[in-house]
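Listed below are the residues making up each chain.
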Amino acid sequence: MHYLITGGAGFIGSHLTESLLADGHKVSILDNLDPFYDPDVKLRNMEGFKDHPEFTWVQADIRDLHCADNVPSPVSAIIHIAAKAGVRPSIADPIGYYNTNVKGTLHLLEFAKTCNIEQFIFASSSSVYGINPQVPWKENTENLQPISPYAATKLSCEGLGHVYSELYGIRFLALRFFTVYGPRQRPDLAIHKFTRRILQDKPIPFFGDGSTRRDYTYIDDILQGIRGAINYTASPFEIFNLGNDRTISLAEMVSTIEDAIGKKAVIDHQPVQPGDVPQTWADISKTRELLGYQPGTPFQDGVKKFAEWVREQPHL
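Note that this is a predicted model, so its numbers are computed, not measured.

## Thoughts on the overall build of the protein
Line of reasoning, step 1. When you go through the protein residue by residue, the secondary structure sums to 10 helices and 13 strands.
Line of reasoning, step 2. What you see for the protein is a C-alpha radius of gyration of 19 Å, in line with the 20 Å of a compact globule of 316 residues.
Line of reasoning, step 3. Along the three orthogonal principal directions, the C-alpha set of the protein runs to about 55 × 45 × 40 Å.
Line of reasoning, step 4. Residue burial in the protein is summarised as follows: out of 316 residues, 54% are buried.
Line of reasoning, step 5. Intrachain contacts of the protein at a sequence separation of at least 6 include 81% that bridge at least 24 residues.
Line of reasoning, step 6. Where the 30 positive side-chain charges of the protein centre and where its 37 negative ones centre are 3 Å apart.

## Examining the side chain of Ser14
Line of reasoning, step 1. Mapped onto the elements of the fold, Ser14 is located in helix 1 (residues 11-22).
Line of reasoning, step 2. Ignoring sequence-local partners within four residues, the contact set of Ser14 consists of Gly8, Ala9, Asn45, Phe49 and Arg184.

## Side note on the pattern of salt bridges
Line of reasoning, step 1. Under the definition given, this model contains 13 salt bridges.
Line of reasoning, step 2. Arg246 is paired through a salt bridge with Glu252; the nearest N and O atoms lie 3.4 Å apart.
Line of reasoning, step 3. Among the salt bridges present, the one from Glu258 reaches Lys264, with a minimum N-O distance of 3.3 Å.

## Quick look at the environment of Gly182
Line of reasoning, step 1. With respect to the secondary-structure elements, Gly182 resides in the loop between strand 7 (180-181) and helix 6 (190-199).
Line of reasoning, step 2. For Gly182, a relative accessible area of 0% gives the class buried.
Line of reasoning, step 3. For the pair Gly182 and Asp220, spaced 38 residues apart in sequence, the C-alpha separation works out to 8.2 Å.
Line of reasoning, step 4. Not counting chain neighbours up to four residues away, the residues in contact with Gly182 comprise Phe11, Tyr218, Ile219 and Phe306.

## Let's talk about the pairing of strand 6 (residues 171-177)
Successive residues of a regular strand alternate their side chains across the two faces of the sheet.
Line of reasoning, step 1. Of all seven residues in strand 6, seven are buried; the element is thus mostly enclosed.
Line of reasoning, step 2. Of the two faces of strand 6, the one carrying Arg171, Leu173, Leu175 and Phe177 and the one carrying Phe172, Ala174 and Arg176 are both buried.
Line of reasoning, step 3. For strand 5 (residues 119-125) and strand 6, the ladder comprises seven bridges, and the chain directions are parallel. Across the sheet, the residue bridging to Ser125 is Phe177, located in strand 6.
Line of reasoning, step 4. For the handedness criterion, the β-α-β arrangement of strand 5, helix 5 (residues 149-168) and strand 6 is classed as right-handed.
Line of reasoning, step 5. Of the strand pairs in this sheet, strand 6 and strand 11 (residues 237-242) are connected by six bridges, and their pairing is parallel.

## Remarks on the sheet that holds strand 1 (residues 2-6)
Line of reasoning, step 1. As summarised here, the arrangement of the seven strands in space is 3-2-1-4-5-6-11, forming an open sheet in which the pairing is parallel. With partners counted over all chains shown, the strands left at the sheet margins are strand 3 (55-58) and strand 11, one partner each. Neighbour to neighbour, the strand axes of the sheet diverge by 20 degrees on average, direction disregarded.
Line of reasoning, step 2. Helix 1 contacts strand 1, strand 2 (26-30), strand 3, strand 4 (77-80) and strand 6 of the sheet and is inclined by roughly 170 degrees relative to strand 1.
Line of reasoning, step 3. Along the sheet, helix 4 (residues 94-114) contacts strand 1, strand 4, strand 5 and strand 6; its crossing angle with strand 4, the most-contacted strand, is approximately 175 degrees.

## Considerations on unusual backbone geometry
Line of reasoning, step 1. Of the consecutive residues Ser73 and Pro74, the connecting peptide bond is found in the cis state with omega at 0 degrees.
Line of reasoning, step 2. Looking at where Pro74 falls in the secondary structure, it is placed in the loop between strand 3 and strand 4.
Line of reasoning, step 3. Residue Pro136 is bonded to the preceding Val135 through a cis peptide linkage, with omega at -5 degrees.
Line of reasoning, step 4. For Pro136, the location among the structural elements is in the loop between strand 5 and helix 5.
Line of reasoning, step 5. For Asp245, which is not glycine, the phi dihedral falls at a positive 60 degrees.
Line of reasoning, step 6. Mapped onto the elements, Asp245 comes out in the loop between strand 11 and strand 12 (248-249).
Line of reasoning, step 7. Taking relative accessible area as the criterion, Asp245 reaches 30% and is therefore assigned partly exposed.

## Some words on the packing of aromatic side chains
Line of reasoning, step 1. Tallied over the entire structure, the rule returns 15 aromatic pairs.
Line of reasoning, step 2. Relative to Trp137, the ring of Tyr129 has its centre 4.8 Å away and its plane inclined at 25 degrees; by these criteria the two rings are stacked. Assigned by exposure class, Tyr129 and Trp137 land together as buried.
Line of reasoning, step 3. An aromatic cluster is defined as three or more aromatic residues linked by ring pairs; in this entry it consists of Phe120, Phe122, Phe172 and Phe237.
Line of reasoning, step 4. Positioned above the aromatic ring of Phe207, the side-chain terminus of Arg88 is 4.2 Å from the ring centre.
Line of reasoning, step 5. A cation over a ring is seen here: Lys113 above Tyr168, with NZ or CZ 4.8 Å from the ring centre.

## What to know about the pairing of strand 4
Line of reasoning, step 1. Residues Ala77 and Ile79 line one face of strand 4 and the alternating positions Ile78 and His80 line the opposite face, and both faces are buried.
Line of reasoning, step 2. The sheet contact formed by strand 1 and strand 4 spans four bridges and is parallel. In the sheet register, Leu4 faces strand 4, and the bridge partner there is Ile78.
Line of reasoning, step 3. Across four bridges, the pairing between strand 4 and strand 5 is parallel. Residue pairing in the sheet places Ile79 in a bridge with Ile121 of strand 5.

What counts and what doesn't
- Residues numbered from 1 in each chain as written.
- Predicted model: local features only at pLDDT ≥ 70, side-chain atom pairs only at ≥ 80, totals over all residues.
- Heavy atoms only, no water.
- Helix = DSSP H or I, 4+ residues; strand = E, 2+ residues; numbered from the N terminus.
- Rg over C-alpha atoms; globule rule 2.2 N^0.38 Å.
- Buried < 20%, exposed > 50% of the residue type's maximum accessible area, 1.4 Å probe, protein only.
- Contact = heavy atoms within 4.5 Å.
- Lys, Arg positive; Asp, Glu negative; His and termini not counted.
- Charge placed at Lys NZ, Arg CZ, Asp CG, Glu CD.
- Salt bridge = Lys/Arg side-chain N within 4 Å of Asp/Glu carboxyl O.
- Pairing = 2+ DSSP bridges.
- Right-handed = clockwise from strand over helix to strand, strands pointing away.
- Axes fitted to C-alpha atoms, helices over the stretch in contact; angles between N-to-C directions.
- Phe/Tyr/Trp six-rings, centres within 6.5 Å; stacked < 30°, edge-to-face > 60°.
- Lys NZ or Arg CZ within 6 Å of the ring centre and 35° of its normal.

What follows is the structure in structure tokens.
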């Protein structure tokens, strides 16, 4: 099979590329090395497979309608991970987030339509649920009310996927990721940022009273869910939660990192930030039933693996 992975030089995309190449598939990455964080980090992510004979990197921007013109054909499926990421930065740049996330997804759906690509897997986000006290969150939850431009773009893309599924027979599967972490995690995300700063004896920004909770999902479990979606053919449109079905408080997250690296954090208390939700919590019963999804990495084990990886990266 030949898979096109957008954002394939990033955290999740590079792990997925390695996994698919290891199983004998052909993989093309479409990535523009967006400077949201250091492009050299993404180049390092690709070091292990950049010379693989079945790998192709197309450096292009999904904001360009013709971004995929140089992708080798035929393509068996698109796994669309590329996006402008982050809740807080989206508040400062809503137009930029719309142009990349919504228009970019539309361009790739047009590419899928033109090239008769039947499988389109979209990296959505738990942020689409907004502030919803009815936890754990089910995919069929009604009245979704995102509270950041980033979340709104992800929900808009799910709607576009449904349209293209109905009109053109493209199987569109939206995977709502819940706080993915592990080796190569984006440097702006909390676990990565906190681990580095604790190791460097620098204070960590601690928003609120520590009671906010997240459903953290280790990268290996996310890959299991994506691989399940790649092979799913039972219906033309579905939404799946990819979480761990367990919530961890901010205070517990910090103490887990402290235990993993053997150092105490210096806390910089700050107010809760606009766009942040008090909790995320995935109901994964549907994903278990239809994709065979079974997350298997306890939070403490995943943080230990991540801390070991950070220690092995001299540039960090």
